[in-house]
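# Secondary and tertiary structure notes
In case you want the letters, here they are:
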Amino acid sequence: MKRMIYGVVVAMVMALNVGCDLLLDVDNYEQPLSTLTADVNFTASEQPVIRQFDVLYPDFRNHQSFVVELIGPEVDGKRDAVVLDLLAPKTTLSIEGEYTVGFTGDYIALPRLDLINNATGMMQYGGSYYGKAMDGVIGDYYGFLTEGKVMVSSLDGEYFITVDAKSEEHNIWAYYHGPVEIIRGK
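Before going into details, it helps to say that this report is about the structure given with it. A quick note: this is a predicted structure, and the numbers were derived from the prediction, not measured. By convention here, each chain's residues receive numbers from 1 onward along its written sequence. For this predicted model, a pLDDT threshold of at least 70 governs which residues receive local features, and a threshold of 80 or more governs which side-chain atom pairs are given and counted, while totals over whole chains, interfaces and linings are taken from all residues. Note that water and hydrogens are dropped before the side-chain values are worked out from all heavy atoms of the structure.

Let's shift gears to the pattern of salt bridges. Put simply, a salt bridge is a Lys or Arg side-chain nitrogen that is within 4 Å of an Asp or Glu carboxyl oxygen. For the structure shown, the criterion picks out five salt bridges. With a shortest N-O distance of 3.5 Å, E98 and K149 are connected by a salt bridge. With a gap of 51 residues between them, E98 in strand β5 (residues 97-101) and K149 in strand β11 (residues 147-155) connect regions that are remote in the sequence. In the salt-bridge network here, residues are joined through shared partners; they are E46, E74 and R79. Strands here are runs of E lasting at least two residues and helices are runs of H or I lasting at least four, both read from the DSSP assignment and numbered beginning at the N terminus.

Right, here's the structure in full:
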């Protein structure tokens, strides 16, 4: 009887181990950089809020970070959206500059950045990307920027933001002209 109970317990533990591996996705599935099937071109229809942070990423301690969301007009309940993760020299007083998509330089538009959340141990993604917004939330991403430029300039309180980039094979163009609100983060 003891042998039979022991055998059942061993079988259950083995089954649980196999089941757990399936739930944990041990194949290390990697998200693609882009699922775009066409070029994107839109003019932002809302005033962007720009969030400014002193140090957002440990690997870029000599930079400050600006996170910009450009949101297009609503079409069929959804809006085009570009989230820009821009890094400027720490001594810069404004967001103005010409940012190159990549990981080096003074003015950087970050492509996809894979991060481990220290609190949860889960993989998270940072960086600049194109997605879709619905009900005020950017819930779907379709393509991280892989090359190109982001230009930000201002004149008399009006800002000009131009995205001329690519997500793998597809172009992403986004524009904004008008006032912005800059919120300083922690």
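So that's the structure; there's more coming.
A few words on the pairing of strand β3 (residues 63-75). Judged from the four bridges that link them, strand β2 (residues 49-53) and β3 form a sheet pairing that is antiparallel. Following the sheet pairing, F53 is matched in β3 by S65. Here, strands pair whenever DSSP counts at least two bridges between them. The pairing of β3 with strand β4 (residues 78-89) spans 11 bridges and is classified as antiparallel. When the bridges of β4 are listed, F66 appears paired with L86. Counted between consecutive antiparallel strands, the loop separating β3 from β4 contains two residues, among which D76 sits at a positive phi close to 55°.

The next point concerns the environment of K166. Within the fold, K166 resides in strand β12 (residues 158-167). Sequence separation between K166 and V101 is 65 residues; the distance between their C-alpha atoms is 9.3 Å. Contact definition: two residues touch when any of their heavy atoms are within 4.5 Å. Look past the residues within four positions of K166 in its chain and what remains in contact with it is F144, L145, T146, E147, N171 and I172.

As a further point, take the nonpolar core. Put simply, a nonpolar core is a bunch of buried Ala, Val, Leu, Ile, Met, Phe, Trp, Tyr and Cys residues held in one set by side-chain atoms that sit within 4.5 Å of each other. Note on exposure labels: buried denotes an accessible area under 20% of the residue type's maximum, exposed denotes more than 50%, and partly exposed covers the range between, all computed with a 1.4 Å probe on protein chains only. Counting 28 residues, the largest nonpolar core has L70, L84, L86, I95, Y99 and V163 as the members making the most contacts within it. Where this core is concerned, the elements lending two or more residues are β1 (40-43), β3, β4, β5, β11, β12 and β13 (170-178). Ignoring sequence-local partners within four residues, the contact set of Y99 consists of F66, L86, L87, A88, Y107, I108, A109, G148, K149, V150 and V152. Ranked by size, the runner-up nonpolar core spans six residues in total, among them F60, L87, L110 and L113.

Here β12 shows a buried face lined by Y159, I161, V163, A165 and S167 and an unburied face lined by E158, F160, T162, D164 and K166. With nine bridges joining them, β11 and β12 adopt antiparallel strand pairing. Looking across to β12, one finds that S154 is bridged to Y159. Pairing analysis gives nine bridges linking β12 to β13, with the strands arranged antiparallel. Counted as the bridge partner of I161 is Y176 from β13. Taking the residues that link successive antiparallel strands as the turn, the β12-β13 hairpin has two residues, and the phi of E168 there is positive, at about 55°.

Positive phi is not limited to glycine here, since D156 has a value of about 50°. Position of D156 among the secondary structure elements: in the loop between β11 and β12. Its identity as a non-glycine residue notwithstanding, E168 has a phi of 55°, on the positive side. Topologically, E168 is positioned in the loop between β12 and β13.

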